[in-house]
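Okay, here's what each chain looks like letter by letter:
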Amino acid sequence: QVQLVESGGGLVQPGGSLRLSCVASGSIFSINDMGWYRQAPGKQRELVAAIPSGGTTNYADSVKGRFTISRDNAKNTVYLQMNTLKPEDTAVYYCNADLRTRSYNPVTRYWGQGTQVTVSS
């Protein structure tokens with residue numbers, strides 16, 4: 001069984017910062033890509049940022065220059081540093097991990113339960 005647990009969401013004023021964390025635990029053999037998605041009310045879930053186990057990161061155009069994704073492979077953890085937050089960043093943020101539970105199992109995507117980020121004065 002695999003669990004992804006996010007933390008760090010909350011209420012912040014426009015221009016402020018938040019740092020989200022997501023820890024993957026359980027029966028994990030290896031993790032490939034990790035990332036963050038978000039879903040605002042009435043909208044589809046969208047990619048915010050992704051980071052492979054080795055290679056370049058990928059960001060949505062709307063967050064480039066403001067958000068930074070990073071990971072600690074030893075801790076199976078992915079982070080999202082969010083700066084200069086805007087009201088349009090308000091959403092539930094979900095982390096994902098594409099991983100194998102055994103060497104012979106296919107890569108499967110797992111999701112966290114989501115954490116609310118609200119940007120408002």
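Predicted, not measured: the structure shown is a model, and the values here were computed from it. (Residues numbered from 1 in each chain as written. Predicted model: local features only at pLDDT ≥ 70, side-chain atom pairs only at ≥ 80, totals over all residues. Heavy atoms only, no water.)

J.: So what exactly am I meant to see when it comes to the overall build of the protein chain here?
T.: Counting its regular elements, the protein chain contains zero helices and 11 strands. Each helix and strand of the protein chain, placed in order from N terminus to C terminus, yields the pattern β-β-β-β-β-β-β-β-β-β-β. The C-alpha extent of the protein chain, read off along each of the three principal axes, is 50 × 25 × 25 Å. Nonlocal contacts in the protein chain, meaning residues at least 24 apart in sequence, comprise 56% of its contacts between residues at least 6 apart. (Helix = DSSP H or I, 4+ residues; strand = E, 2+ residues; numbered from the N terminus. Contact = heavy atoms within 4.5 Å.)

J.: Where do I start with the state of the cysteines in this structure?
T.: Working definition: the covalent bond between the sulfur atoms of two cysteines is a disulfide. Counted according to the given criterion, the structure contains one disulfide. Here C22 is linked by a disulfide to C95, with a sulfur-sulfur distance of 1.9 Å. Taking the sign of the S-S torsion, 40° for the link of C22 and C95, the bridge is right-handed. Here the residue C22 occupies a position in strand β3 (residues 18-26), and C95 occupies one in strand β9 (residues 91-100), the gap between them amounting to 73 residues. C95 matches C22 in its accessibility class, with the two residues each being buried. (Disulfide = S-S within 2.5 Å. Buried < 20%, exposed > 50% of the residue type's maximum accessible area, 1.4 Å probe, protein only.)

J.: Could you clarify how one ought to interpret the side chain of D98 in this entry?
T.: Mapped onto the fold, D98 is located in strand β9. Owing to a relative accessible area of 10%, D98 belongs among the buried residues under this scheme. Side chain to side chain, D98 and R109 meet in a polar contact 2.7 Å long. (Polar contact = N/O pair within 3.5 Å; in protein donor to acceptor, adjacent residues only side chain to side chain.)

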